[in-house]
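The lines below spell out each chain.
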Amino acid sequence: GSTMKLHAEKGSGNYIQSVTASAVLINGTRYTGPVIVSAERIITGWTPRPITELAIEDFAAALDLAPEVILFGTGTTHRFAGNRLMTTIMSRGVGFAVMATPAACRTFNVLAAEDRRVVAALLLDP
């Protein structure tokens, strides 16, 4: 498949270098399963429920990082995550943006470079 290379000023902290349907490259390490990324942390072994059944518990690890915004990447295509989930997360004062994973990766890099407290919760295509 095609690899989208991401270009931005490299700040301190985690930087997503590229993304394909099946992997993201962060700081030179390739991750092939769902991953949660902040400027300081990379959490692997994230096993969220299917997208139609997602609940606040699926984002506990992301919320534990005290983000101001969570970018939820739904894979190569943008898929709808439930309104109730969005409302629940936003009621905690955390922004919640749902987009395709490549867009979430680009947005993560931009916000992280601005020293925003951003967490990307990324799904890859099976």
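Novice: Would you mind going over helix H3 (residues 101-113) with me for this structure?
Specialist: Since the α-helix turns once every 3.6 residues, residues separated by three or four places project in the same direction. Under the 1.5 Å per step criterion, the end-to-end length of H3 is 18 Å for 13 residues, consistent within 8% with the ideal 18 Å. Among the residues of H3, Thr101, Ala104, Cys105, Phe108, Asn109, Leu111 and Ala112 are the ones counted as buried. The elements touched by buried residues of H3 are strand E2 (16-19), strand E3 (24-26), strand E5 (35-37), strand E7 (69-73), strand E8 (95-99) and strand E9 (118-122). Just beyond H3, the residue with positive phi is Asp115, at close to 60°.

Novice: Any chance you could explain the packing of aromatic side chains here in plain terms?
Specialist: Both the distance between ring centres and the angle between the ring planes are used here to describe each pair of aromatic rings. Applying the stated criterion across every chain yields a total of five aromatic pairs. Judged by centre distance (6.1 Å) and plane angle (20°), the rings of Phe72 and Phe96 are stacked. Linking Phe72 in strand E7 with Phe96 in strand E8, this pair joins segments that are 24 residues apart in sequence. Comparing Phe72 with Phe96 shows no difference in burial state: the two are buried. Members of the aromatic cluster, joined through ring pairs, are Trp46, Phe59, Phe72 and Phe96.

Novice: It is not clear to me how the sheet that holds E8 should be interpreted in this structure. Could you clarify?
Specialist: The strands that make up a sheet are held in pairs by hydrogen bonds between backbone atoms, and each pair lies either parallel or antiparallel. Read from one edge of the open sheet, five strands run E6-E5-E9-E7-E8, paired in mixed fashion. The open sheet has two free edges, formed respectively by strand E6 (42-43) and E8, since each of these has just one partner strand. Here E7 runs beside E9; their pairing, made up of five bridges, is parallel. Within E9, the position partnered with Ile70 by the bridge is Val119. Helix H2 (residues 83-90) contacts E7 and E8 of the sheet and is inclined by roughly 145° relative to E8.

The rules we used
Residues numbered from 1 in each chain as written. Predicted model: local features only at pLDDT ≥ 70, side-chain atom pairs only at ≥ 80, totals over all residues. Heavy atoms only, no water. Helix = DSSP H or I, 4+ residues; strand = E, 2+ residues; numbered from the N terminus. Expected span 1.5 Å × (residues − 1). Buried < 20%, exposed > 50% of the residue type's maximum accessible area, 1.4 Å probe, protein only. Contact = heavy atoms within 4.5 Å. Phe/Tyr/Trp six-rings, centres within 6.5 Å; stacked < 30°, edge-to-face > 60°. Pairing = 2+ DSSP bridges. Axes fitted to C-alpha atoms, helices over the stretch in contact; angles between N-to-C directions.

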